[in-house]
Number of protein chains: 2
Amino acid sequence: MRINLFLFACLFWFSSVHAQELQSPNGQLKMTFKLADGGIPTYKLDYKNQQVIKSSALGLELKGDNKGKDFANYTANDGASSSSLFDHFTISNTETSTFDETWKPVWGEVNQIRNHYNELAVTLQQEQTNRQLTIRFRLFDDGLGFRYEFPAQRDLAYFVIKEERTQFAMSGDHTAWWIPGDYDTQEYDYTESKLSDIREVMTKAVTANISQKSFSPTAVQTALMMKTDEGLYINLHEAALINYACMHLDLDDKNFVFNSWLTPDAVGDKGHMQSPGKSPWRTIMVSDDAREILASKMTLNLNDPSKIEDTSWIKPTKYVGVWWEMITGKSTWAYTDAVSSVQLGQTDYTKLQPNGKHGANTANVKRYIDFAAKHGFDAVLVEGWNVGWEDWFGNSKDYVFDFVTPYPDFDVKGIQAYAKSKNVKMMMHHETSSSVRNYERHLDTAYRFMKEHGYDAVKSGYVGDILPRGENHYSQWIVNHFQYALEKAAEYKIMLNAHESVRPTGITRTYPNLIGNESARGTEYQAFGGNKPNHVTVLPFTRLVGGPMDYTPGIFEMDVSKINPENTSHVNSTLANQLALYVTMYSPLQMAADLPEHYEKFSDAFQFIKDVAIDWDESHYLEAEPGAYVTVARKAKGKNEWFIGSVAGENGHTSELKLDFLEKGKKYIAKIYADLADAHYKTNPQAYTIKEVEVKLNSKLKLKSAPAGGYAIQIREK
Amino acid sequence: MRINLFLFACLFWFSSVHAQELQSPNGQLKMTFKLADGGIPTYKLDYKNQQVIKSSALGLELKGDNKGKDFANYTANDGASSSSLFDHFTISNTETSTFDETWKPVWGEVNQIRNHYNELAVTLQQEQTNRQLTIRFRLFDDGLGFRYEFPAQRDLAYFVIKEERTQFAMSGDHTAWWIPGDYDTQEYDYTESKLSDIREVMTKAVTANISQKSFSPTAVQTALMMKTDEGLYINLHEAALINYACMHLDLDDKNFVFNSWLTPDAVGDKGHMQSPGKSPWRTIMVSDDAREILASKMTLNLNDPSKIEDTSWIKPTKYVGVWWEMITGKSTWAYTDAVSSVQLGQTDYTKLQPNGKHGANTANVKRYIDFAAKHGFDAVLVEGWNVGWEDWFGNSKDYVFDFVTPYPDFDVKGIQAYAKSKNVKMMMHHETSSSVRNYERHLDTAYRFMKEHGYDAVKSGYVGDILPRGENHYSQWIVNHFQYALEKAAEYKIMLNAHESVRPTGITRTYPNLIGNESARGTEYQAFGGNKPNHVTVLPFTRLVGGPMDYTPGIFEMDVSKINPENTSHVNSTLANQLALYVTMYSPLQMAADLPEHYEKFSDAFQFIKDVAIDWDESHYLEAEPGAYVTVARKAKGKNEWFIGSVAGENGHTSELKLDFLEKGKKYIAKIYADLADAHYKTNPQAYTIKEVEVKLNSKLKLKSAPAGGYAIQIREK
């Protein structure tokens, strides 16, 4: 007996130093950490006893010739080479804990979020190098997050990452919705394919962009959405990307293993680190129900709580803007065609012939202000208000904008007073042209200018290759810049909407003044040739996992040539689909992007955009399938009012909804904006119908969406 | 007769469109510009009918795959390839002019400077590409300057330089005093050799440095000093290096032709240009008298006049500092040894054990303030006053300093008040650790902090490899930064002394708040193993051509082990030589660099440092030979007082001076500080003598200097 117990204890001890198990609070997810032969840290993940992640290695490869004085030159015997932070480990410590807390976001899809996980922190020791590495796992009901931590230590005070060596071994040849791995852009249509087809499709998937850099025929970006043949939904992303390089996933398509691939800097290094320090969280969401992927708050939960104490100045914003008219080519950002090369501070615009098509002129801006005031919009965005647009594009120009000098026809003070008199805010635009050092040099001055002139939100842009030259949009160096601009904006109480920035990773929890990013293929591409018709049925599963998107929907005129005869692009969406986007594409920042005259032409449909809320108490994902359809119901914050939006892909969709979220005993009017039966995104996009029906708790609605169609519903108490 | 005249006219016309001649005002220098076969622009230079520069090509090679939208894709037929801005030219215009003006510098070797030259501007047209290039030549009595200008033009609005193609064809195998071409440091001893020996000696010449990048076995930096076998002195440098990459000279040692070699950026490009635009001036000083090279004001004259209107805040400064004690290793910049890795804003220094050797502590600083006040010094520099020095070096650290947070033992306000009460200024120190973006992020805050605490001058440093990583100290990108910091300092009325910066090129005329640079091997290296004994007889011919150097002389104790037993370095200079440096190494900023106790020990010699002026009405170079000796007499500004300094090389020197600059009819006392007969920099450096003699106009003095010795003389009215 005693001997058996002893053996049992040994076995238990033996396994316990080699395998560590972690379960989610509801027990459905199980993560196992283990040191494989050679002291390689590995993990695997099961969901309801199905394999999600097969045994996968963890760790980092360091740059061997690091000149840092604490990076000793170890000879590679049997022991770890100086470049290894991925093998020859032993476990020196493990700690488990549980966390369960509810917190309130400043704005969001819901007004409170539960953060509930079981945690395992494994500290590894590399004997030959005297290095320590901690891997912290947090297992939620909706998925796993883990990150690397580098405790303060003399033998790893400063180090350079050559590559992170995190693996995600897939259990099979899943279907994936992906965009090509790229160091500089995410503005690709999504491709739906088997993992095994990525290599073949890649060339076609890499469409042209002003700034792009492919690096592997099988690399994809995150968030990556997948579905197994067994119907399991898996999503890979990262959370809290701060002071680290953005992670891509490079597929080993023989074994269906994703290997982390970080974005390099100008010399090819993947990260400069200091201990104590940490990596971002690598996240794996799992469910057999696609709706749970959309509803997951894991990315936010893995970020630090808000660092902003007084958040009263952070306000969800519905806006219009002098923008679509330039995107379509009807008007221009530039003021003149009379100069090919601008020198800020020297070029005298008052002496140059205006081109007569400058969109950001005072009269036009006032027209938008009037429109915003009339229809209850919070703000007006104006692009092209400031000097420098004549040569901003494609010239790798250093001192390209100063962010404070208006064109002769843009009356800063006059517009400020006019907007104020109409109770409309002006929204600033900072196109940086990716001249990042120039932007940082002007940032304080630019932010101060905003405050002095009544602008409290800014849309920033990073179009074109990055300066300093050689850097990439998503390298650690430039990720650091995006964070710098965000934190400085918070100091100035400025809300930020950063376009062409790194895709978000939940940092909006810590800095809720980050009210939006683009960082994906947005509505503008509908005027650049069109997006795939099912694009908006994919984005919630990919781009929106990390944070809201300034998708700028609300296009009513799908035939762009009606705006600009030289632009034959077509918006691949029905009008009803455009209305639904205000609900399906969650964002605290929502634009009615079309020209005022198009809204006036369809004022009944426009009413939905005016009525729709942009901040929510609750959100219920009613049905969802990546690439096919997304239907969500949301309760407006502080009101007993609900909105439902549904978008469909190429094949359209029929919904059978049960309104099981309404309040018992109350009567409601549901105002339904839907495709007509013969609507089609290509041939008949503006065929919509509006009808009202009375509904109550558990009422059923059957609604049909056209190809790239949808519907939008407002439900008010009767 | 008529036919002959006609032929004559044709010949005249023919030669006049192919060869353009320019003469210096005194006619001794002659420059000829010519288009060689293939439309290649060339120039040559003669001095007193001797060849200085043989026929040499001009132009630039552009990057062919420039993505700029104005860089059209020209097919290379017979015509110019798209990369050529160096051939297939015709002359479309020439303009000649003369300029003669006298201007007053804010501070200098002299109180007024004559700017007198003949100018030729040749405009070239490249037919196939429709490009224009102007080459402007200015011929002074002391040399030639020329630069490229890119007139505003649509077909060359934005372009990228692949390499500048300026040649300087030498007439023979001259002797040169040179340092290796390097993208990141100038801190090399000078080598004296024939041009033909450069290749062989190069490896030995490239001594170790924390940040260095060689690129060619025959490249050297400018200013380059040469002497022909015929006794002609030639100096090559550049003037007005603004928004362009620093130029090195790569020697074709078969033909003795120097080819310009610009410093690349992180991706290997050599310059991003916009038209209208211009290159710096390439300068060629010539004389058969070495003293005229030293006296030349051509570099300043080629720069724009001062952009600073009110210069009352710009003051020549004599200072001491908490510095040499750290350089020698007696004390430390760092406060503690208890932490290997600092995180600014998180590391709590009040909880860390001080190392007891921190130089910048309040008591020690006050000691220096007392010393400065007692001996009439204007300012005290303090290095190591601010947090972050524990891990600043060799870690490629981004957020390395914040420039405003003092160590616990440095009382900012207390020291400010104490210095003020003693009528002594505090001098700021900004070591950037080459983390340039970090410095720029903090620059306004750092400059404001200075003004708030009574600091109006700052010594900045750029030790280590540049961040952003991949950039070089002397690339266009970082040259732009040095200019940015200088111009912003001027806005704050701050004087700047930039170490490890690009070597100066006369910009002090335009921004006279640039009161110094190091940008060469300075006195600190005497504590890092020693400088060559004749180092200071070379520097005036090389480093000082572009501007003053903060050489920080005045070391009295040559045996460094007396300060720090672990440092066996020896200062390769006699004490008298150290005194002479205050006169021979012209600088408006002069440090008495040694420890106060050493000055107290030799207070009679120290008297010279206290008495020497640092701003001048006149300067007369009495005798000079590069590498051997330099003797100069200067008249103190606004006084009838003169100072003479002389420094000698390895072989010592005997001077026979005639004081032909004194005022007629006046009697003077000359106080002479000189080497004793048995003095020697190595074995007997502190053997000096002080004596007074009466002198007057044309008095003769015979003085002997020891090896690496010298003498210093103060001449006051009797």
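Remember, predicted model here, so these are calculated numbers, not experimental data.

(A) Quick look at the overall build of chain A. Within chain A, the secondary structure is distributed over 13 helices and 37 strands. Scaling as 2.2 N^0.38, a compact globule of 718 residues should have a C-alpha radius of gyration of about 27 Å, and chain A matches this with 26 Å. Its C-alpha atoms put chain A at 90 × 65 × 50 Å along the principal axes. Sorting the 718 residues of chain A into buried and exposed places 65% on the buried side. For chain A, long-range pairs separated by at least 24 residues make up 71% of all intrachain contacts whose partners lie at least 6 apart in sequence. Total accessible area on chain A is roughly 25,500 Å²; 48% of this is exposed by carbon and sulfur atoms. Between the centroid of the 76 positive side chains of chain A and the centroid of its 90 negative side chains there is a distance of 4 Å.

(B) Geometry of the packing of aromatic side chains. Residues and elements named next belong to chain A. Enumeration according to the criterion identifies 73 aromatic pairs over all chains in this entry. Both rings, one in Trp389 and one in Phe401, keep their centres 5.0 Å apart while their planes meet at 55°; by these two values the pair is tilted. Remark: Phe401 occurs in the loop between β24 (379-382) and α7 (412-421) and Trp389 occurs in the loop between β24 and α7; sequence separation between them is 12 residues. Grouping aromatic residues by their ring pairs yields a cluster made of Trp333, Trp389, Trp392, Phe393, Phe401, Phe403, Tyr439, Tyr462 and Phe482.

(C) Quick peek at the sheet that holds strand β35 (residues 688-695) of chain B. Residue and element names in this part refer to chain B. Strand order in the open sheet made by the 6 strands is β30-β31-β32-β37-β34-β35, with antiparallel pairing throughout. The sheet terminates laterally at β30 (616-625) and β35, the two strands that pair on one side only. The average angle at which neighbouring strand axes cross in this sheet is 15°, direction not considered. Bridging between β30 and strand β31 (residues 629-636) involves 8 bridges; their strand directions are antiparallel. Bridged to Glu618 within β31 is Lys635. Across the face of the sheet, helix α11 (residues 575-584) comes into contact with β30, β31, β32 (642-648), β34 (668-675), β35 and β37 (710-717) while running at roughly 125° to β32. Contacts from helix α13 (residues 603-611) reach β32, β34, β35 and β37 within the one sheet, and its direction differs from that of β34 by about 125°.

(D) Structural detail: the domain arrangement of chain A. All names here are of chain A. Domain parsing of chain A yields domain 1 (2-171 + 235-301) and domain 2 (317-613). The straight-line distance from the C-alpha centre of domain 1 to that of domain 2 is 38 Å. Carbon and sulfur atoms make up 62% of the area that domain 1 and domain 2 hide from each other, which totals about 2,500 Å². On inspection of domain 1 and its partner domain 2, the count reaches 1 salt bridge.

(E) Inspection of the environment of Thr299 of chain A at higher detail. Residue and element names in this part refer to chain A. Looking at the element boundaries, Thr299 is found in helix α4 (residues 298-301). Judged by relative accessible area, which is 3%, Thr299 ranks as buried. Along the primary structure Thr299 and Lys666 are separated by 367 residues, whereas in three dimensions their C-alpha atoms are 35 Å apart. Setting aside residues no more than four positions away along its own chain, Thr299 makes contact with Glu238, Ala239, Met285, Thr505, Gly506, Val545 and Gly546.

(F) Geometry of helix α6 (residues 362-375) of chain B. Residue and element names in this part refer to chain B. Here α6 spans 20 Å end to end across 14 residues, near enough to the 20 Å set by a 1.5 Å rise per residue. Buried within α6 are the following residues: Thr362, Asn364, Val365, Tyr368, Ile369, Phe371, Ala372 and His375. In the segment just after α6, Gly376 is the residue with positive phi, at about 75°.

(G) The arrangement of the relation of the copies chain B and chain A in detail. Rotating chain B by 180° and moving it 0.0 Å along the rotation axis overlays it on chain A with an RMSD of 0.0 Å. Such a combination of turn and shift is consistent with a two-fold rotation axis. Taking C-alpha positions as the reference, the residue of chain B nearest the rotation axis is Ala266 of chain B, at 3.3 Å. Mapped onto chain A, 100% of the interface residues of chain B again fall at the interface, so both copies present the same surface.

(H) Region of interest: the pattern of salt bridges. Residues and elements named next belong to chain B. On inspection of all chains with the given rule, the structure shows 78 salt bridges over all chains. Salt-bridge contacts for Lys635 lead to Asp617; the nearest nitrogen and oxygen are separated by 2.9 Å. Here Lys635, found in strand β31, pairs with Asp617, found in strand β30; they are 18 residues apart in sequence, far enough to count as distant. By relative accessible area, Lys635 is classed as buried at 14%.

(I) The arrangement of unusual backbone geometry in detail. Residue Pro276 of chain A is bonded to the preceding Ser275 of chain A through a cis peptide linkage, with omega at 0°. Tracing the chain through its elements places Pro276 of chain A in the loop between β20 (271-274) and β21 (277-278). Backbone geometry at Ala240 of chain A places phi at a positive 65°, although glycine is not the residue there. One can find Ala240 of chain A in the loop between β17 (233-239) and β18 (247-252). Positive phi, normally seen in glycine, also occurs at Ser433 of chain B, with a value near 55°. Within the secondary structure layout, Ser433 of chain B lies in the loop between β25 (425-431) and α8 (436-452). Look at Ser433 of chain B and you get buried, because its relative accessible area is 6%.

(J) Summary view of the side chain of Asp46 of chain A. Residue and element names in this part refer to chain A. Within the secondary structure layout, Asp46 lies in strand β3 (residues 40-47). Classification of Asp46 by relative accessible area gives buried; the value is 16%. Beyond its immediate stretch of four places on either side in the chain, Asp46 contacts Gln28, Leu29, Lys30, Gln51 and Val52.

(K) Focus on the UniProt feature "domain: Glycosyl-hydrolase 97 C-terminal oligomerisation" (unreviewed entry) in chain A. The feature "domain: Glycosyl-hydrolase 97 C-terminal oligomerisation" (unreviewed entry), as annotated in UniProt, sits at residues 615-715 of chain A in this numbering. Taken as a whole, residues 615-715 of chain A contains 0% helix and 59% strand, while its terminal C-alpha atoms sit 15 Å from one another.

(L) Main features of the pairing of strand β25 (residues 425-431) of chain A. Residue and element names in this part refer to chain A. Among the 7 residues in β25, 6 count as buried, and that is most of the element. Sheet topology note: the β24/β25 ladder contains 3 bridges and is parallel. Pairing of Ala379 across the sheet is with Lys425, part of β25. Each parallel crossover has a hand, and the one from β24 via α7 to β25 is right-handed. Bridge count for β25 against strand β26 (residues 455-461) is 5 bridges, and the pairing is parallel. Looking at β26, one finds that Glu431 is bridged to Gly461. The parallel pair β25 and β26 is bridged by helix α8 (residues 436-452), and the resulting crossover is right-handed.

(M) Broad picture of the interface of chain B and chain A. Facing 43 residues of chain B, the contacting portion of chain A comprises 43 residues. Of the roughly 3,700 Å² buried at the junction of chain B and chain A (both faces included), carbon and sulfur atoms supply 44%. There are 2 salt bridges connecting chain B and chain A. In this structure, Arg441 of chain B and Glu440 of chain A form a salt bridge, with 2.8 Å as the shortest nitrogen-oxygen distance. In this structure, the connection of chain B to chain A is made through 24 residue pairs in polar contact (both at pLDDT 80 or more). Mapped by element, the contributors of at least two residues to the side of chain B that touches chain A are β20 (271-274), α8 and α9 (476-491) of chain B.

(N) Highlighting the side chain of His358 of chain A. Residues and elements named next belong to chain A. Note on placement: His358 falls in the loop between α5 (324-327) and α6 (362-375). A polar side-chain atom of His358 sits 2.6 Å from the main-chain carbonyl oxygen of Gly384. At 2.7 Å, the side chain of His358 forms a polar contact with the side chain of Asp409. Among all residues touching His358, those that are not within four sequence positions of it are Thr332, Trp333, Ala334, Tyr335, Gly384, Tyr407 and Asp409.

Parameters at a glance
Residues numbered from 1 in each chain as written. Chains lettered and ligands numbered in written order. Predicted model: local features only at pLDDT ≥ 70, side-chain atom pairs only at ≥ 80, totals over all residues. Heavy atoms only, no water. Helix = DSSP H or I, 4+ residues; strand = E, 2+ residues; numbered from the N terminus. Rg over C-alpha atoms; globule rule 2.2 N^0.38 Å. Buried < 20%, exposed > 50% of the residue type's maximum accessible area, 1.4 Å probe, protein only. Contact = heavy atoms within 4.5 Å. Areas by Shrake-Rupley, 256 points an atom, 1.4 Å probe, with all protein chains shown as cover. Lys, Arg positive; Asp, Glu negative; His and termini not counted. Charge placed at Lys NZ, Arg CZ, Asp CG, Glu CD. Phe/Tyr/Trp six-rings, centres within 6.5 Å; stacked < 30°, edge-to-face > 60°. Pairing = 2+ DSSP bridges. Axes fitted to C-alpha atoms, helices over the stretch in contact; angles between N-to-C directions. Domains from an automatic or database assignment. Buried area = accessible area lost by both parts, 1.4 Å probe. Salt bridge = Lys/Arg side-chain N within 4 Å of Asp/Glu carboxyl O. Expected span 1.5 Å × (residues − 1). Least-squares fit on C-alpha atoms with pLDDT ≥ 70 in both. UniProt positions renumbered as here; feature names shortened; annotations may be inferred. Right-handed = clockwise from strand over helix to strand, strands pointing away. Polar contact = N/O pair within 3.5 Å; in protein donor to acceptor, adjacent residues only side chain to side chain.

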